Amino acid sequence: MCNFCCTFVADFKMTYCAHGRMANKRKIINDPVFGFLSIPNELIFDVLQHPYVQRLNRIRQLGLSYLVYPGAMHSRFSHSLGAMHLMHEAISALRLKGVEITEAEETSAMIAILLHDIGHGPFSHVLEHTIVDGVTHEDISLLMMERINEDLSKVQRDKVQCTKGPLDTAIAIFKNEYPKHFLHQLISSQLDVDRMDYLCRDSFFTGVQEGRVASERLLKMLDVKDDRLVVQIKGIYSVEKFLVARRLMYWQVYLHKTSVAAEQQLIKILSRAKELARNVQRDNVQCTKELFCSPALRYFLYQNVSFKDFGTHSEALEQYALLDDNDVLCAIKVWISSEDKVLSTLSESFINRRLFRGELIESPLTEVQKKELNAHYAKVLGVSEDEAQYCWSEHISTSNTYSEKADSIGILYNDGQIRDIADASEILDLEALTRKPIKRYLFKLRENGI
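The paragraphs below set out a description of the structure included in this document. (Residues numbered from 1 in each chain as written. Predicted model: local features only at pLDDT ≥ 70, side-chain atom pairs only at ≥ 80, totals over all residues. Heavy atoms only, no water.)

A word on the overall build of the protein
Here is step 1: Secondary structure assignment for the protein yields 19 helices and 13 strands.
Here is step 2: Taking 22 Å as the expected radius of gyration for a compact globule of 450 residues, we find that the protein reaches 24 Å, a close match to that expectation.
Here is step 3: C-alpha extents for the protein along the principal axes are approximately 70 × 60 × 40 Å.
Here is step 4: When the 450 residues of the protein are sorted by exposure, 55% land in the buried category.
Here is step 5: When contacts within the protein are restricted to residue pairs at least 6 apart in sequence, those whose partners lie at least 24 apart make up 70%.
Here is step 6: Within the structure as shown, the protein displays about 20,900 Å² of accessible surface, and the carbon and sulfur contribution to it stands at 49%. (Helix = DSSP H or I, 4+ residues; strand = E, 2+ residues; numbered from the N terminus. Rg over C-alpha atoms; globule rule 2.2 N^0.38 Å. Buried < 20%, exposed > 50% of the residue type's maximum accessible area, 1.4 Å probe, protein only. Contact = heavy atoms within 4.5 Å. Areas by Shrake-Rupley, 256 points an atom, 1.4 Å probe, with all protein chains shown as cover.)

Notes on the packing of helix H3 (residues 76-96) against helix H4 (residues 103-114)
Here is step 1: Interhelical geometry of H3 versus H4 gives an angle of 150° and a closest axis separation of 8 Å. One way to sum up the angle between H3 and H4 is to call them roughly antiparallel. The two elements H3 and H4 meet at a crossing, and its hand is right-handed. Contact residues: H3 offers Ser80, Leu81, Ala83, Met84, Met87, His88, Ile91 and Arg95, while H4 offers Glu103, Glu106, Ala109, Met110, Ile113 and Leu114.
Here is step 2: Its residues assigned to classes, the contact of H3 with H4 shows 9 nonpolar, 2 polar and 3 charged. (Axes fitted to C-alpha atoms, helices over the stretch in contact; angles between N-to-C directions. Parallel < 35°, antiparallel > 145°, perpendicular 65-115°, else oblique. Left-handed = near helix turned anticlockwise from the far one by under 90°. Nonpolar A, V, L, I, M, F, W, Y, C, P; charged D, E, K, R; others polar.)

Here we look at unusual backbone geometry
Here is step 1: The phi angle at Asp226 is positive, at roughly 55°, despite the residue not being glycine.
Here is step 2: Mapped onto the secondary structure, Asp226 falls in the loop between strand S5 (222-225) and strand S6 (228-232).
Here is step 3: For Asp227, which is not a glycine, the phi torsion comes out positive at approximately 65°.
Here is step 4: Note on placement: Asp227 falls in the loop between S5 and S6.
Here is step 5: Residue classification places Asp227 among the partly exposed residues on the basis of a relative accessible area of 30%.

With respect to the environment of Phe350
Here is step 1: Locating Phe350 in the fold gives a position in helix H15 (residues 341-351).
Here is step 2: Take Phe350: its relative accessible area is 4%, and that puts it in the buried class.
Here is step 3: When the C-alpha atoms of Phe350 and Leu266 are compared, they prove to be 7.6 Å apart, with 84 residues separating the residues in sequence.
Here is step 4: Ignoring any residue separated from it by four or fewer positions in sequence, one finds Phe350 in contact with Leu64, Ala262, Gln265, Leu266, Ile269, Leu329, Ile332 and Leu355.

A word on the sheet that holds strand S13 (residues 438-444)
Note: strands within a sheet are paired through backbone hydrogen bonds, in either parallel or antiparallel orientation.
Here is step 1: If you walk across this open sheet you meet the 3 strands as S9-S13-S10, and the pairing is antiparallel. Edge positions in the sheet fall to strand S9 (357-360) and strand S10 (392-398), since each has one partner strand and no second. Here the strands of the sheet are splayed against their neighbours by 30° on average, with no regard to which way each runs.
Here is step 2: The pairing of S10 with S13 spans 7 bridges and is classified as antiparallel. Note that in S13 the partner of Glu394 across the bridge is Leu442.
Here is step 3: Strand contacts of helix H11 (residues 257-278): S9, S10 and S13, with the helix running at about 135° to S10, the strand carrying the most contacts. (Pairing = 2+ DSSP bridges.)

As for the sheet that holds strand S12 (residues 418-420)
Here is step 1: Taken together, the 4 strands give an open sheet; going across it, the order is S5-S6-S11-S12, and neighbouring strands pair in mixed fashion. The two strands at the open ends of the sheet, each matched to only one other strand, are S5 and S12. Each strand axis lies, on average, 45° off the axis of its neighbour in the sheet, ignoring direction.
Here is step 2: Sheet analysis places S6 next to strand S11 (residues 410-412), joined by 3 bridges and oriented parallel. Bridging across to S11, Val231 finds its partner in Ile411.

Some details on the side chain of Lys268
Here is step 1: With respect to the helices and strands, Lys268 occurs in helix H11.
Here is step 2: Despite being buried, Lys268 has no salt bridge partner; Glu394 is the closest side chain of opposite charge, sitting 9.5 Å away.
Here is step 3: Among the polar contacts made by the side chain of Lys268, one reaches the main-chain carbonyl oxygen of Gln389 at a distance of 3.3 Å.
Here is step 4: In contact with Lys268, other than residues within four places in its own chain, are Leu346, Phe356, Gln389, Tyr390, Trp392 and Ser393. (Lys, Arg positive; Asp, Glu negative; His and termini not counted. Salt bridge = Lys/Arg side-chain N within 4 Å of Asp/Glu carboxyl O. Polar contact = N/O pair within 3.5 Å; in protein donor to acceptor, adjacent residues only side chain to side chain.)

Let's talk about the packing of aromatic side chains
Here is step 1: Enumeration according to the criterion identifies 8 aromatic pairs in this entry.
Here is step 2: Consider the rings of Phe300 and Tyr320, whose centres lie 6.2 Å apart with planes at 80°: the pair is edge-to-face. With Phe300 in helix H12 (residues 295-301) and Tyr320 in helix H13 (residues 315-320), the pair connects residues that are 20 residues apart, well separated along the chain.
Here is step 3: Site record: aromatic cluster; members linked through ring pairs are Tyr299, Phe300, Phe310 and Tyr320.
Here is step 4: Positioned above the aromatic ring of Tyr66, the side-chain terminus of Arg60 is 4.2 Å from the ring centre.
Here is step 5: The side chain of Arg298 reaches across the aromatic face of Tyr302, ending 4.4 Å from its centre. (Phe/Tyr/Trp six-rings, centres within 6.5 Å; stacked < 30°, edge-to-face > 60°. Lys NZ or Arg CZ within 6 Å of the ring centre and 35° of its normal.)

In structure tokens, the structure reads:
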């Protein structure tokens, strides 16, 4: 294949270079975390080339964490590739132990983990709390997987008569509807390849060494008993390290106070923009200037979109698929010059990293304290007390390391007995593992850049 003349035909029919030769779809990708990753077959290559998947290149894996850890600029696309690689390694390890997994099941499991994060919007969960009502990224992920399945099915039917979609099994595994439950556990459980990759990858790019886990050894120690994913007893120390690393990464990176402050400020910016958009038309009379934004962002700002508006062929899904970090950041840069004092102040301080100042509080704010905050910022900015509510935020950060109620991590002993890691471990305390520490914050707009 010519390196410079490859072009992709619409609907993913076939990939050809200018000289008419079919392009090679078996690729090798150089990953900074795991080395060389392989794209093993044409179906996975076609899935990777879908616009929904390529969009993940434009969404940061760690959202706003780069404001704390400048190296945290990696994308959700790289995470998805890494998780797919670990799925291949996990299946290879299980086969060596006699677990029967067909090539078709392996491909489907790799596709399922490749697409597990496809529904994430810009800056992680921010959109779920602002401009989209009652829709989670898991809901969107499933809808996007079904749409990709339809698109690839059309191509398949052009070549051969086939009624089954190429991603049917992958979707069944993702939804935990496939007979082999352990395949779903590899995607979503308390010891899945998703967590293994993001701990290794996020630790690498942030430089937080406490997050490093022995993913290779963990994968080698995996086994299946009674259709349940377990870890051999000799891998128990790696599991203990995995759980400790996850706990440390949550409080050092994912729930870092400054990262949470930035996210809360971004939520307030988008919430204010949404409020202004609602007021654009009042009694069919224009009452304020429309906000600058991309067509995709405008769609969600100026319409009330809920889950019922989404579907595999809906305009809402198509517009959502066009949203990425660039839409939001570009809009906020322009909003610095907005006529609205609240939006312009929040946007300017966000872009120039004068983020909300956070302080720990012991109990929820009283109504009197909330009114005092609104009155204070109303006076500082010269706005109404209703508008001043966008200048502060009360937030709870919490995370548990382990849950006995979810798919527990089973340790397989040499005699065939399985014990929960919380019981089997000699160094991990069950109460500490399952307890959910809570940190309650008050975040406030900095005054005069201080």
